[in-house]
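Residues per chain, in single letters:
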Amino acid sequence: MKKIVILISSRGSNMQALLEAKLPCRIAAVISNRADAQGLEIARARGISTAVVSHRDFADRESFDAALAEAIDSFQPDLVVLAGFMRILTDGFVERYAGRMINIHPSLLPAYAGVNTHERALQDGVKIHGCTVHFVTAKLDNGPIIIQAAVPVLPGDTPDTLSARVLHEEHRIFPQAIRWLCGGQRWLDAQGRIASNRIEQVGTTLISPGLD
Ligand code: GRF
């Protein structure tokens, strides 16, 4: 059975969704860059190994990333899962886990890479927003896309209401992406594209606002 390590920085609701999802892989550990991340308690309560590598203990990104890599590698994971891990990673770290590190991002990439995605979507008046699970590459929030979910932006939405709607979908697509990757139904091919052993493609159209 494949092994995954999950990296978090705070709340850990995506991590919790993964712990509850009965994935076809072993969650070897949850690692945080903050000792006070609420998600660590949730993981411990479920008997998952946890570790803290605090970025504050290191002089620069390179030495932090080296210590983080050492902690990750001690669990020998097949897949490294960034679930709300709020640190920019060095190119060397990304290269080390090339093709075996994924991230969840709260926007329909390539729109709204970076932070404050919900605020920026509302500011632009887009009618559809969402979330993305993707492989991590050197360019921020830009790697091959595994799965996305789209939600409508509703009149009166605030960053909080929109974020809650998106988060609900994050909790659905993240376990699916890992199920595919650990089960061998999706993989990264030699050209760096997502390949699938399924021919058929299913999904529904979201039109926002809806047609009369
Ligand atoms: C999520 O919105 C995720 O997409 C983003 O950071 C947030 C983390 O939330 N990268 P949680 O810690 O999983 O609750």
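The structure reproduced in this document is the subject of the present report.

Conventions we followed
Residues numbered from 1 in each chain as written. Predicted model: local features only at pLDDT ≥ 70, side-chain atom pairs only at ≥ 80, totals over all residues. Heavy atoms only, no water. Phe/Tyr/Trp six-rings, centres within 6.5 Å; stacked < 30°, edge-to-face > 60°. Lys NZ or Arg CZ within 6 Å of the ring centre and 35° of its normal. Near = heavy atom within 4 Å. Polar contact = N/O pair within 3.5 Å; in protein donor to acceptor, adjacent residues only side chain to side chain. Areas by Shrake-Rupley, 256 points an atom, 1.4 Å probe, with all protein chains shown as cover. Helix = DSSP H or I, 4+ residues; strand = E, 2+ residues; numbered from the N terminus. Nonpolar A, V, L, I, M, F, W, Y, C, P; charged D, E, K, R; others polar.

## What about the packing of aromatic side chains?
Step number 1: All chains considered together, the criterion is met by 2 aromatic pairs.
Step number 2: Over the aromatic face of Phe64 sits the side chain of Arg87, whose NZ or CZ is 5.8 Å from the ring centroid.
Step number 3: The ring of Trp180 carries the charged tip of Arg186 above its face, separated from the ring centre by 3.8 Å.

## A look at the site of the ligand
Step number 1: Close to the ligand lie Arg11, Gly12, Ser13, Asn14, Gly84, Ile104, His105, Pro106 and Glu170.
Step number 2: Contact between the ligand and Glu170: an oxygen atom at 2.7 Å from a side-chain N or O atom of the residue.
Step number 3: In isolation the ligand has 360 Å² of accessible area, and contact with the protein removes 87% of it.
Step number 4: Elements that contribute at least two residues to the shell around the ligand include exactly α1 (13-20) and β5 (101-105).
Step number 5: Classifying every residue of the shell around the ligand by side-chain character gives 2 nonpolar, 5 polar and 2 charged.

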